[in-house]
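# Fold and geometry: a report
Here's the letter readout for the chains.
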Amino acid sequence: MADLSTIAAAPVSSPRASSGAAVLDVRNVGVTYGRGDDAVEAIADVSFTVEPGEFLCVVGPSGCGKTTLLKAIAGLLTPGQGEVFVQDKRVTRPLPGLALVFQEYTRSLMPWLSVKKNVTFPLAARGLSKAEQESSASAALHEVGLQGFENKYPWQLSGGMQQRVAIARAVAYQPSLLLMDEPFASVDAQTRADLEDLMLRVQEDTGVTVLFVTHDIDEAVYLSRRVVVLSGRPTRVRAELEVPLPYPRDQLRTRALPTFVELRTQILAMIQAERRGGVQLTAEPELRAEDAVDA
Amino acid sequence: MRGAGRRRSQRVLSVVEPIVCVIIALAIWEMLVRTGVIYRGSLATPTDIARALWSDIHDRFLWTSVWMTMKAWGIGMGIVVAISIPLGAALGLSRFVARSSFLTLEFFRAIPSIAALPVLILVYGIGLKLTVVLIILGGVWPLMIQTMYGVQDVDPVARDTARVYGVGTLRRFRLVVAPTAAPYVATGLRLSGVIGMILAIAATLLIGGQGLGAAIAEAQQTGRIPTMFDRIFIAGLLGVLVTLVLGSIETRFLRWHTSNREVTTT
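Since the model is a prediction, treat every value here as computed from it, not as a measurement.

### Comments concerning the overall build of chain A
In terms of regular secondary structure, chain A is built from eleven helices and ten strands. Expressed as a percentage of its 295 residues, the buried residues of chain A come to 45%. Contacts spanning at least 24 positions in sequence make up 71% of the contacts within chain A whose residues lie at least 6 apart.

### Observations concerning the overall build of chain B
On a plain count of helices and strands, chain B comes out with ten helices and zero strands. Beginning at the N terminus, the succession of helices and strands in chain B can be written as α-α-α-α-α-α-α-α-α-α. The globule rule puts the C-alpha radius of gyration for 266 residues at 18 Å, and the 23 Å found for chain B is more than 25% above it. Overall, the C-alpha framework of chain B stretches about 75 × 65 × 30 Å when taken along its three principal axes. Evaluated residue by residue, chain B yields a buried proportion of 35% over its 266 residues. By sequence separation, contacts in chain B at least 24 residues apart represent 73% of the contacts at least 6 residues apart.

### Considering the packing of helix 3 (residues 60-93) of chain B against helix 9 (residues 212-221) of chain B
Residue and element names in this part refer to chain B. Two elements in contact, helix 3 and helix 9, have axes whose closest approach is 7 Å; the angle formed by their N-to-C orientations is 140 degrees. Classed by the angle they form, the pair helix 3 and helix 9 counts as oblique. When helix 3 is examined against helix 9, the residues Phe61, Leu62, Ser65, Val66 and Thr69 are found in contact with a partner set consisting of Leu212, Ala214 and Ala215. For the contact of helix 3 with helix 9, the residue count by class is six nonpolar, two polar and no charged.

### Points about helix 8 (residues 169-207) of chain B
Residue and element names in this part refer to chain B. Taking 1.5 Å as the rise per residue, helix 8 with 39 residues should run 57 Å; its terminal C-alpha atoms sit only 48 Å apart, a clear shortfall. Considering bend angle alone, the principal kink of helix 8 is centred on Ala178 and spans about 45 degrees; proline Pro179 follows within four residues of it. Where helix 8 ends, the next residue or the one after it, Gly208, has phi of about 85 degrees, a positive value.

### What to know about the pairing of strand 7 (residues 177-181) of chain A
All names here are of chain A. Of all five residues in strand 7, five are buried, a share of seventy percent or more. Pairing between strand 6 (residues 98-101) and strand 7: four bridges, direction parallel. Paired with Leu100 across the two strands is Leu179, which belongs to strand 7. Where strand 7 and strand 8 (residues 210-214) come together, four bridges link them in parallel fashion. Among the inter-strand pairings, Leu178 is bridged to a residue of strand 8, identified as Val210. Viewed along the sheet, the connection from strand 7 through helix 7 (residues 189-206) into strand 8 turns out right-handed.

### Thoughts on the environment of Val12(B)
With respect to the element layout, Val12(B) can be found in helix 1 (residues 2-34). Taking the C-alpha atoms as reference, Val12(B) lies 23 Å from Thr243(B); in sequence the two are 231 residues apart.

### What to know about the nonpolar core
Counting residues in each nonpolar core, the largest one holds 141 residues, and the members touching the most others are Ile73(A), Ala168(A) and Leu179(A). At 16 residues, helix 8 of chain B tops the list of elements feeding residues into this core. Residue contacts for Leu179(A): discarding those within four places in its chain leaves Leu70(A), Ile73(A), Ala74(A), Leu98(A), Ala99(A), Leu100(A) and Leu211(A).

### Focus: the interface of chain B and chain A
With 21 residues of chain B at the interface, the matching set in chain A holds 23 residues. Breaking the side of chain B that touches chain A down by element, the ones donating at least two residues are helix 7 (156-164) and helix 8 of chain B. Looking at the side of chain B that touches chain A element by element, the count peaks at six residues for helix 7 of chain B. In terms of residue class, the side of chain B that touches chain A is made up of ten nonpolar, six polar and five charged.

### A word on helix 10 (residues 258-275) of chain A
If you check helix 10 of chain A, its first and last C-alpha atoms are 26 Å apart, about what 18 residues at 1.5 Å a residue would give, namely 26 Å. Those residues of helix 10 of chain A that fall on the buried side of the exposure criterion are Leu263(A), Arg264(A), Thr265(A), Gln266(A), Ile267(A), Leu268(A), Ala269(A), Met270(A), Ile271(A), Ala273(A) and Glu274(A).

### Description of the domain arrangement of chain B
Residues and elements named next belong to chain B. According to the domain assignment, chain B consists of domain 1 (1-43) and domain 2 (44-257). Averaged C-alpha coordinates put domain 1 and domain 2 at centres separated by 31 Å. Contacts between the two partners involve eight residues from domain 1 and, on the opposite side, five residues from domain 2. Per-class residue counts for the side of domain 1 that touches domain 2 are four nonpolar, one polar and three charged.

### Notes on the sheet that holds strand 4 (residues 81-86) of chain A
Residue and element names in this part refer to chain A. Judged by pairing direction, the sheet is mixed, and its ten strands sit side by side in the order 5-4-1-2-10-9-3-8-7-6 without closing on themselves. One side of each edge strand has no neighbouring strand; the edge strands of this open sheet are strand 5 (89-90) and strand 6. Pairing analysis gives seven bridges linking strand 1 (residues 24-33) to strand 2 (residues 40-50), with the strands arranged antiparallel. By the bridge assignment, Tyr33 is partnered in strand 2 with Val40. In the packing of helix 2 (residues 66-74) onto the sheet, contacts are made with strand 1, strand 2, strand 3 (55-59), strand 4, strand 6, strand 7, strand 8 and strand 9 (226-230), and the angle to strand 1 comes to roughly 120 degrees.

Rules used in this analysis
Residues numbered from 1 in each chain as written. Chains lettered and ligands numbered in written order. Predicted model: local features only at pLDDT ≥ 70, side-chain atom pairs only at ≥ 80, totals over all residues. Helix = DSSP H or I, 4+ residues; strand = E, 2+ residues; numbered from the N terminus. Buried ≥ 20, exposed ≤ 12 C-beta atoms within 10 Å, placed from the backbone. Contact = placed C-beta atoms within 7 Å. Rg over C-alpha atoms; globule rule 2.2 N^0.38 Å. Axes fitted to C-alpha atoms, helices over the stretch in contact; angles between N-to-C directions. Parallel < 35°, antiparallel > 145°, perpendicular 65-115°, else oblique. Nonpolar A, V, L, I, M, F, W, Y, C, P; charged D, E, K, R; others polar. Expected span 1.5 Å × (residues − 1). Bend = angle between axes of the 7 residues up to and from the residue. Pairing = 2+ DSSP bridges. Right-handed = clockwise from strand over helix to strand, strands pointing away. Core = buried A, V, L, I, M, F, W, Y, C linked by C-beta atoms within 7 Å. Domains from an automatic or database assignment.

See below:
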């Protein structure tokens with residue numbers, strides 16, 4: 001691996017440097033769209049924290065306001081209620097030190113910039129010199145396996161490779177918190193598995209704190225140390241689960257472990273119950289767990 | 001190999017086909033006039049026009065006229081660019097500017113610039129200045145409106161990406177907004193350029209002065225019909241030239257744009 005030591009050792013960005021305090025603290029966040037009779041309560045009351053160096057996944061039924069929540073954390077949207085703190089600073093606008101990887105890589109990468117320029121273009125805001133930007137970008141591109149593609153344009157690459165450029169951009173930025181909004185939802189299954197393993201490796205190499213939003217329960221369990229399960233609209237935190245799966249994780253072995261199967265079944269049961277209106281919430285998980293093990 | 005050969009022969013065919021078509025059309029035209037189906041006094045034959053063109057291009061008068069038209073167009077377009085791009089960008093960036101000026105702009109846009117000619121003659125007299133003003137009045141709109149749409153078309157995801165990564169306003173404009181608007185600006189420039197050329201020729205055709213339009217009028221008034229046609233032909237060439245030059249600038253600067261991409265792997 002190239003010069004990743006430089007990335008991990010950066011004082012502001014290294015999550016280990018600020019150990020103890022949460023990197024992200026979401027307190028009673030609520031978001032309502034519209035006013036009066038047309039008002040739609042997207043998020044009712046969501047609270048959770050992300051610890052330094054953690055890989056936290058947020059899952060929830062589709063349409064539960066996952067993207068809205070991420071926007072509130074990123075400072076792109078001000079929640080009507082509650083507060084978001086990133087490294088003890090209240091978020092009212094996009095704070096420095098946050099990186100965001102979107103699902104729509106074709107739209108978040110600039111087609112008029114080369115791969116390298118796409119990675120370096122936010123780095124000036126980080127106060128890096130030209131030389132530091134270059135080395136940071138090439139280290140990050142190396143990390144995601146895209147060395148040699150620096151001078152290509154995003155549209156000359158496959159979908160999976162484009163999303164790796166977006167990941168490289170986030171890694172080179174040396175964020176205190178990396179937000180990922182369903183980043184692998186629009187690539188094929190094989191590429192998706194590759195990108196999941198890539199993210200696990202990147203997180204291990206750089207120690208970056210990751211908040212990963214997905215609707216894919218298997219992906220959430222496979223990637224994270226902790227999973228926050230959201231309810232349907234209006235959204236609340238349905239459950240917070242530890243994921244005691246051993247590292248390094250492996251697409252075949254990890255996914256075959258009983259703990260993995262139990263966890264995914266438990267979460268799936270919760271989400272299905274949520275989608276049906278969430279009445280018999282407590283009885284459901286056990287039942288579902290047995291079904292899945294039999295199958 | 002076979003595919004390459006076929007591609008080459010297709011390319012040759014795509015050049016040959018239109019040429020053959022033009023030759024046939026010219027031949028029919030020549031015959032219709034010579035056989036008297038069309039009165040020779042109102043429509044010259046292609047060979048007459050070619051002969052007139054040959055002597056015309058050795059005449060200083062033609063070139064002075066062409067130069068005056070090009071000059072008016074160049075100055076006019078320079079001012080059009082200087083007005084339309086900043087104004088269009090302001091309209092696209094600020095909802096307040098767009099809303100407050102919408103009515104005024106739509107009103108002025110609806111007036112054909114030729115209709116303002118009587119007033120303009122009173123104000124500017126007959127000459128280069130008048131032609132330039134006419135070009136500006138007609139040419140500012142397409143470029144301004146295109147620039148406005150281009151600036152408004154910034155992808156929300158791209159904008160959010162730049163905002164989250166803390167990219168400053170100026171840099172964001174240069175790296176996100178301007179490239180997004182560029183294809184629209186290029187289209188606007190081509191539209192404005194062609195309108196500007198039409199007006200540059202129409203101005204002197206209608207009111208006299210020095211220019212290609214005046215040269216066409218002069219040939220018509222002195223009854224030199226083939227000369228009139230050769231000058232109309234040159235006016236057409238100028239229009240084509242404008243489109244070609246602006247088009248080639250467009251493909252050079254917008255290499256990344258979907259319509260210009262050479263390699264695409266998905």
